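Here's the letter readout for the chains.
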Amino acid sequence: MPVEIYLNVAASGLLTGLVYGLMALGLSVIFGVVRVVNFAHGEMMTVAMYLTLLLFGALKLDPLVLLVPIAAVLFVFGYLLQIGLINPFINRPEHSQFMLLVAVALILVNLQLIVFGPDAQGIRTAYSFDSFQLGPLIVDAAKVYAAGAALVVAAALFAFFRFTLLGKAIRACADNYEGARVVGLNVKHLYALTFGLGAACVGAAGAMLMAVIDVTPTIGPAYTLLAFVIVITGGLGSMPGALLGGLLIGITEALGGVLFTPSAKSMFAFGLLVLVLLFRPQGILGRKTA
Amino acid sequence: MITRLLEGVPRRGLAMLAALLVLLLAFPLFASGYLLAIGFLILYFAYVGQAWNIMMGFAGQLSLGHSLYVGLGAYAAAALYVHFGLSPWIGLLASIGTCALAGAVIGFLAFRFGVAGVYFAILTIAFAEFARIGFDHFTWVRGSSGLFLPVANYTENDLWNLRGSPRMFYYLMLALTAGAFVLCHALLRSRMGYYWLAIRESPEAAQALGVNIFRYKMYAVVLSAAMTSLAGVVFAFYYNNLFPEQIFHISRSIELILGPIIGGIGTLVGPLVGALLLTGLAEGMGELLLALGVDVPGVKQVFYGICLLLVVMFLPHGVWPPLARKLGLER
């Protein structure tokens, strides 16, 4: 096969990987601060995808515009979930938190199944079949837009944590729970904000992904797993790590699909995860604290 | 030996256990085919829950990939039967060996490199998922199109080849469950059991006291994997079909750990109670919805999820510990 094919596939994997990275960024932010692994992450993303589907059908707005209100809705959802269910579980053992979120995931998947049915549904934008040519590279327009939007959202999140007082307060909670309480921070509220922000990330990623793939309720658990693989590869709790992990997994899956069979592509992602866990358990960009 | 096993067990508890055993033994005599199938499922989940509990409840290592051992065990025995006509009683040696080896590899890699907690849990998921996709492309066992066992007629029970009536499988599963219960009881009172509990409560303290935590964690993983493989063998010969998409799926792993968590992690009776409650709940819900004329896929699972949510919120240690106190079995 000519080299161009591999280049094209890698470029496409890179772009999808950025959107994956944004999704995983949400998981990583939540874990980094709240120290809870969100086992309902992919399920929350399919909620965002169905919202995109509904709003696109009703308003005919572009998914890239819709991602703003959808991220806002998911933010509220995440905030309430943390306040109502997860905050009381903060000091419970890991398996207890895990069960809680598995139950939430189970309810979300099946509610979607009841409301939207099991069939795959997609949307068609004006640029669904457009592509850009860059020398030997041909890339889908939808993927380019989605990846660009993912970068913008991620940059906004970085800036929020880096430069705002609220972001600083959240980072303080992540660094030292007791210390943050001592200086008078409302930790429960900040945790809920963080969970909301993580949910907003996954909401934005879901809206963008809708321009690229179809949605069924059952892809939720698969994306939860994918998000785990990405954040652990990049470093759980590290924000740049999540994006890097997304890129790596995106490219690995795309190339694995071409070199072997497409149905075996996630095997390569899991293989990469196993390697990372064995030789650098804290992830490529993770800090050795956990 | 037996007197040592019984030492310190409250007499009331023994009487209740004996009554339960008699009830379980007599159950097939008056149960319909449908009820018998549910009885089999309850025992199946009680058994795998008990096996998983050794790792999590005793040694404190959270595995979210136990479907790997169910699947490997099932495939090993079934493939040997289909290809070479080997009896599952010989095949199960291959199942136990394969799963013990898989458990040892995962345990070795994880514990050597200090992978623990959430990371360990996700490593176990990764191995199970890896196997799921791998078996999809493993043509010797027919890949994703599934491995089917030739179905025998059900008039005669052939215990040697595990071909027979649901009743035979029920008693087989009952024997396994009872065996696992006694084994776990004995383990909890052994030196190893106390080491495990020490490791679960505080690995650092256990190590400081001279417990070889690497070795004892390895024992827990290997034993748990080997026990789970037997459930896989029975599963394969009971259902007569195996699909990688189903048997290795993450939802199978989660399903099998719900019982012990709901019942009470680290307790002997917890996996039993949890399996009974959850299977009963799921089936009862199905019946109720059928009676109400609700036929929408997903409704049952939503209620199931809500029940789970309520139990984890309000009974953090599971159903069994408060129940035991009510029954006057608390030591």
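Quick note: structure is the one above.
Below: a short report on this structure.

Analysis parameters
- Residues numbered from 1 in each chain as written.
- Chains lettered and ligands numbered in written order.
- Predicted model: local features only at pLDDT ≥ 70, side-chain atom pairs only at ≥ 80, totals over all residues.
- Helix = DSSP H or I, 4+ residues; strand = E, 2+ residues; numbered from the N terminus.
- Rg over C-alpha atoms; globule rule 2.2 N^0.38 Å.
- Buried ≥ 20, exposed ≤ 12 C-beta atoms within 10 Å, placed from the backbone.
- Contact = placed C-beta atoms within 7 Å.
- Expected span 1.5 Å × (residues − 1).
- Core = buried A, V, L, I, M, F, W, Y, C linked by C-beta atoms within 7 Å.
- Pairing = 2+ DSSP bridges.
- Axes fitted to C-alpha atoms, helices over the stretch in contact; angles between N-to-C directions.
- Parallel < 35°, antiparallel > 145°, perpendicular 65-115°, else oblique.
- Left-handed = near helix turned anticlockwise from the far one by under 90°.
- Nonpolar A, V, L, I, M, F, W, Y, C, P; charged D, E, K, R; others polar.

Let us now look at the overall build of chain B. Looking only at helices and strands, chain B has 15 helices and two strands in total. For 331 residues, the compact-globule estimate of 2.2 N^0.38 gives 20 Å, and chain B sits close to it at 20 Å. Its C-alpha atoms put chain B at 55 × 45 × 45 Å along the principal axes. Looking at chain B residue by residue over its 331 residues, the buried ones come to 45%. Considering only residue pairs separated by 6 or more positions, chain B has 75% of its internal contacts joining residues 24 or more positions apart.

The next thing to look at is the interface of chain A and chain B. Listed by partner, the interface residues are 30 residues for chain A and 36 residues for chain B. Residue assignment for the side of chain A that touches chain B shows that the elements contributing at least two residues are α4 (94–116), α9 (219–234) and α11 (265–279) of chain A. In terms of residue count, the dominant contributor to the side of chain A that touches chain B is α4(A) (13 residues).

Time to look at helix α4 (residues 67–84) of chain B. Its 18 residues place the ends of α4(B) 25 Å apart at the C-alpha level, agreeing with the 26 Å of an ideal helix rising 1.5 Å per residue. Of the residues trailing α4(B), Gly85(B) is marked for its positive phi of about 65°.

Residues and elements named next belong to chain A. Core analysis: the biggest nonpolar cluster contains 211 residues, and Cys201 and Met208 have the highest contact counts within it. Sorting elements by how many residues they give to this core places helix α8 (residues 187–209) first, with 16 residues. Not counting the four nearest positions on each side in its chain, Cys201 is found in contact with Leu22, Met23, Leu25, Gly26, Val29, Val153 and Leu157.

All names here are of chain A. Here strand β1 (residues 131–134) pairs with strand β2 (residues 137–140) via four bridges, running antiparallel. Each bridged residue has a counterpart across the sheet, and for Ser131 the counterpart in β2 is Asp140. As consecutive antiparallel partners, β1 and β2 are separated by two residues, and within that stretch Gly135 has a phi angle of approximately 60°, a positive value.

A word on the packing of helix α2 (residues 41–59) of chain A against α9(A). Residues and elements named next belong to chain A. Two elements in contact, α2 and α9, have axes whose closest approach is 6 Å; the angle formed by their N-to-C orientations is 125°. As judged from the angle between their axes, α2 and α9 are oblique. Our pair here, α2 against α9, has a crossing hand that is right-handed. Between α2, through His41, Gly42, Glu43, Met45 and Thr46, and α9, the contact on the second element is made entirely by Ile219, Gly220, Pro221, Ala222, Tyr223, Thr224 and Ala227. Grouping the amino acids of the contact of α2 with α9 by side-chain chemistry returns six nonpolar, five polar and one charged.

Turning our eyes to something else, we now look at the packing of helix α12 (residues 250–263) of chain B against helix α13 (residues 270–292) of chain B. Residues and elements named next belong to chain B. Contact geometry of α12 with α13 gives a least axis separation of 7 Å together with a crossing angle of 115°. Overall, the two elements α12 and α13 adopt an arrangement that is roughly perpendicular. As for the relative orientation of α12 and α13, their crossing is right-handed in sense. Judged by residue contacts, Leu258, Gly259, Pro260, Ile261, Ile262 and Gly263 of α12 engage Gly270, Pro271, Leu272, Val273, Gly274, Ala275, Leu277 and Leu278 from α13. Looking at the contact of α12 with α13 residue by residue, the classes come out as 10 nonpolar, four polar and no charged.

We now examine unusual backbone geometry. Residue and element names in this part refer to chain A. Phi is positive for Arg35, which is not a glycine, with a value near 65°. With respect to the helices and strands, the residue Arg35 is situated in the loop between α1 (3–34) and α2. Judged by C-beta crowding, with 16 C-beta atoms within 10 Å, Arg35 ranks as partly exposed.

Residues and elements named next belong to chain B. Its 27 residues give helix α10 (residues 213–239) an end-to-end C-alpha distance of 39 Å, which sits within 8% of 39 Å, the value for a rise of 1.5 Å per residue. For α10, a buried count of 20 out of 27 residues is recorded, marking the element as mostly surrounded by other parts of the structure. Trailing α10 by a residue or two, Asn240 shows a phi angle of about 65°, which is positive.

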